[in-house]
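Below, each chain spelled out in residue letters.
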Amino acid sequence: MAASLWKSLLQTTKERILQQRRASLYVGADGYEEELIKKKLQQFAGGSINLSKVNNGIGILTLNNPKLMNAFTGTMMLELQERVTELENWKDGKGLIIHGAGNTFCSGSDLNAVKAISNSQDGINMCMFMQKTLTRLMRLPLISVALVQGKAVGGGAELTTACDFRLMTPGSEIRFVHKHMGLVPGWGGAARLVRIVGSGAALQLLSGAAKVDPERALHLGLSEETLSSSDETGALEEAQAWLSQYTEGPASVIRAVKKVVTAGRELPLEAALRTEKDIFGTVWGGPANLQALVTRPKHK
Ligand SMILES: CCC(=O)SCCNC(=O)CCNC(=O)[C@H](O)C(C)(C)COP(=O)(O)OP(=O)(O)OC[C@H]1O[C@@H](n2cnc3c(N)ncnc32)[C@H](O)[C@@H]1OP(=O)(O)O
């Protein structure tokens with residue numbers, strides 16, 4: 001009893017430390033004023049970010065502003081942050097699919113809002129706000145998939161890179177159009193793209209602002225698979241089936257898998273090894289491990 005209380009206290013403390021680390025990407029010393037940018041974003045309303053938690057521990061996050069090809073208004077940026085907090089607190093979750101309403105993914109930031117906050121201080125604050133949110137999204141202990149239907153443009157293309165995997169439907173495209181807007185990615189999309197496709201390919205995609213179709217995305221390792229269905233419901237069902245091959249099993253184990261991979265991806269080797277040891281300690285002797293020792297499955 002005392003041992004299990006101690007273990008749970010230790011776990012809570014570790015999670016708290018991790019949460020503090022997550023929150024500290026930008027702080028006041030960087031000139032980041034979260035409350036100020038939130039007030040500003042609040043002025044650009046429209047659309048929504050909806051989260052539904054379906055069976056088998058898979059969450060579906062819907063970018064919902066189809067009139068503007070699911071462009072991110074200010075309030076959608078705020079809602080995304082809220083949904084990410086909700087997902088951080090969803091202890092039974094194992095997987096996440098992000099898709100857009102109306103059979104298209106997302107056309108980046110709402111150009112009406114961008115125009116109104118085109119001064120550099122607001123722009124940088126918005127960039128820091130979105131980087132923080134998307135970094136937390138990327139680090140969720142859930143296996144995440146961007147389901148790219150239609151177009152993922154600008155910030156929409158950046159958002160896909162915050163997921164562990166991308167699946168594309170026939171005829172869809174991912175396009176980093178920033179150069180044509182006189183910009184570079186600012187939501188963390190360049191840093192993540194380099195890690196996904198390598199620096200040479202990232203340089204080509206950003207400097208060429210080229211349309212990346214499913215075939216090229218597969219070739220670059222930007223997409224895992226081209227789905228057969230291009231209709232909204234069919235593609236979502238296919239994406240769920242694809243994801244469930246990786247989320248099958250107890251939440252504690254699937255979440256631990258994602259955590260060790262995140263540590264391996266982000267930390268220097270020694271720190272990653274220490275984190276792996278800590279996470280190993282949470283599953284070793286746990287219910288799934290004990291059960292496996294009883295049933296002794298053969299891995300043929
Ligand atoms: C983080 C930094 C960034 O995100 S920078 C990149 C910002 N995004 C863009 O520049 C995308 C601009 N939009 C486009 O290129 C096209 O609309 C794309 C997405 C290719 C879709 O083309 P298409 O399928 O022909 O639809 P459409 O142009 O008729 O659009 C339908 C209505 O949606 C609107 N829309 C689209 N994207 C945005 C956006 N980002 N912000 C605001 N509005 C957007 C279009 O203006 C159009 O509206 P309307 O029917 O003309 O009233």
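If you're wondering where the values come from, they're calculated on a predicted model, not measured in any experiment.

Draft legend 1. Spotlight on the site of the ligand. Lining the immediate surroundings of the ligand are 17 residues, of which Lys 67, Ser 107, Ser 109, Leu 111 and Gly 155 lie closest. In the model, an oxygen atom of the ligand is placed 3.0 Å from a nitrogen or oxygen of the Ser 109 main chain. Against a free-state accessible area of 940 Å², the protein chains account for coverage of 57% of the ligand. Residue assignment for the shell around the ligand shows that the elements contributing at least two residues are β5 (151-153) and α6 (155-160). Tallied by class, residues from the shell around the ligand come to eight nonpolar, five polar and four charged.

Draft legend 2. Quick look at the packing of helix α2 (residues 34-42) against helix α5 (residues 120-138). Closest axis-to-axis distance for the α2/α5 pair is 10 Å, and the angle between their directions is 100 degrees. With respect to α5, the element α2 is oriented roughly perpendicular. For the pair formed by α2 and α5, the contact residues are Glu 34, Ile 37, Lys 38, Lys 40 and Leu 41 on the first element and Asp 122, Asn 125, Met 126, Phe 129 and Lys 132 on the second.

Draft legend 3. Representation of unusual backbone geometry within the structure. Here Asn 70, not a glycine, exhibits a phi torsion of approximately 60 degrees, which is positive. Positionally, Asn 70 belongs in the loop between β2 (58-64) and α3 (74-88).

Draft legend 4. Layout of the sheet that holds strand β8 (residues 211-212). The mixed open sheet is built from three strands, whose spatial order is β5-β7-β8. Where the open sheet ends on each side, the last strands, each with one partner, are β5 and β8. As paired elements, strand β7 (residues 173-175) and β8 share two bridges and run antiparallel to each other. Bridge pairing in β8 links Ile 174 to Val 212.

Draft legend 5. Seen up close, the pairing of strand β4 (residues 143-148). Counting buried positions over the six residues of β4 gives six, a clear majority of the element. The alternating pattern of β4 places Ile 143, Val 145 and Leu 147 and Ser 144, Ala 146 and Val 148 on opposite faces, both of which are buried. Bridge count between β4 and strand β6 (residues 165-168): four bridges; the pairing is parallel. Within β6, the residue paired with Ala 146 across the bridge is Arg 166.

Draft legend 6. Highlighting the environment of Thr 133. By the element assignment, Thr 133 lies in helix α5. Aside from chain neighbours lying at most four places away, what touches Thr 133 is Leu 80, Gln 81 and Val 84.

Draft legend 7. Up close: helix α12 (residues 269-283). Helix length check: α12, at 15 residues, gives a terminal C-alpha distance of 21 Å against a target of 21 Å (1.5 Å per residue), a fit within 8%. Looking one or two residues beyond α12, the residue adopting positive phi is Gly 285, at roughly 75 degrees.

Draft legend 8. Region of the structure containing the packing of aromatic side chains. Applying the stated criterion across every chain, the model contains five aromatic pairs. Ring centres of Phe 72 and Trp 187 lie 5.6 Å apart, and the angle between their planes is 85 degrees; on these two criteria the pair is classed as edge-to-face. One end of the pair, Phe 72, is in the loop between β2 and α3; the other, Trp 187, is in the loop between β7 and α7 (189-197), and 115 residues separate them in sequence. Judged by its relative accessible area of 4%, Trp 187 falls in the buried class. Taking 5.2 Å as the distance between ring centres and 75 degrees as the angle between the ring planes, the aromatic pair formed by Phe 165 and Trp 242 counts as edge-to-face.

Draft legend 9. Local environment of the side chain of Ser 144. Within the secondary structure, Ser 144 is located in strand β4. Using a relative accessible area of 2% as the deciding quantity, one classes Ser 144 as buried. In contact with Ser 144, other than residues within four places in its own chain, are Leu 96, Ala 162, Cys 163, Asp 164 and Phe 165.

Draft legend 10. Highlighting the pattern of salt bridges. What the rule picks out here adds up to eleven salt bridges. Residue Lys 38 is joined to Glu 34 by a salt bridge in which the shortest nitrogen-to-oxygen separation is 3.9 Å. With Lys 38 and Glu 34 both in helix α2 and four residues apart, the pair spans about one turn of that helix. A relative accessible area of 24% means that Lys 38 is categorised as partly exposed. Taking the shortest distance from any N to any O, the salt bridge between Arg 139 and Glu 266 comes out at 2.7 Å. Taken together, the residues span a long stretch of sequence, with Arg 139 in the loop between α5 and β4 and Glu 266 in helix α11 (residues 251-266) at a distance of 127 residues. Take Arg 139: its relative accessible area is 25%, and that puts it in the partly exposed class. Residue Glu 266 is classed as partly exposed on the basis of its relative accessible area of 30%. Here the salt bridges share partners, and the residues they tie into one network are Lys 53, Glu 79, Glu 82, Arg 83 and Glu 86.

What counts and what doesn't
- Residues numbered from 1 in each chain as written.
- Predicted model: local features only at pLDDT ≥ 70, side-chain atom pairs only at ≥ 80, totals over all residues.
- Heavy atoms only, no water.
- Near = heavy atom within 4 Å.
- Polar contact = N/O pair within 3.5 Å; in protein donor to acceptor, adjacent residues only side chain to side chain.
- Areas by Shrake-Rupley, 256 points an atom, 1.4 Å probe, with all protein chains shown as cover.
- Helix = DSSP H or I, 4+ residues; strand = E, 2+ residues; numbered from the N terminus.
- Nonpolar A, V, L, I, M, F, W, Y, C, P; charged D, E, K, R; others polar.
- Axes fitted to C-alpha atoms, helices over the stretch in contact; angles between N-to-C directions.
- Parallel < 35°, antiparallel > 145°, perpendicular 65-115°, else oblique.
- Contact = heavy atoms within 4.5 Å.
- Pairing = 2+ DSSP bridges.
- Buried < 20%, exposed > 50% of the residue type's maximum accessible area, 1.4 Å probe, protein only.
- Expected span 1.5 Å × (residues − 1).
- Phe/Tyr/Trp six-rings, centres within 6.5 Å; stacked < 30°, edge-to-face > 60°.
- Salt bridge = Lys/Arg side-chain N within 4 Å of Asp/Glu carboxyl O.

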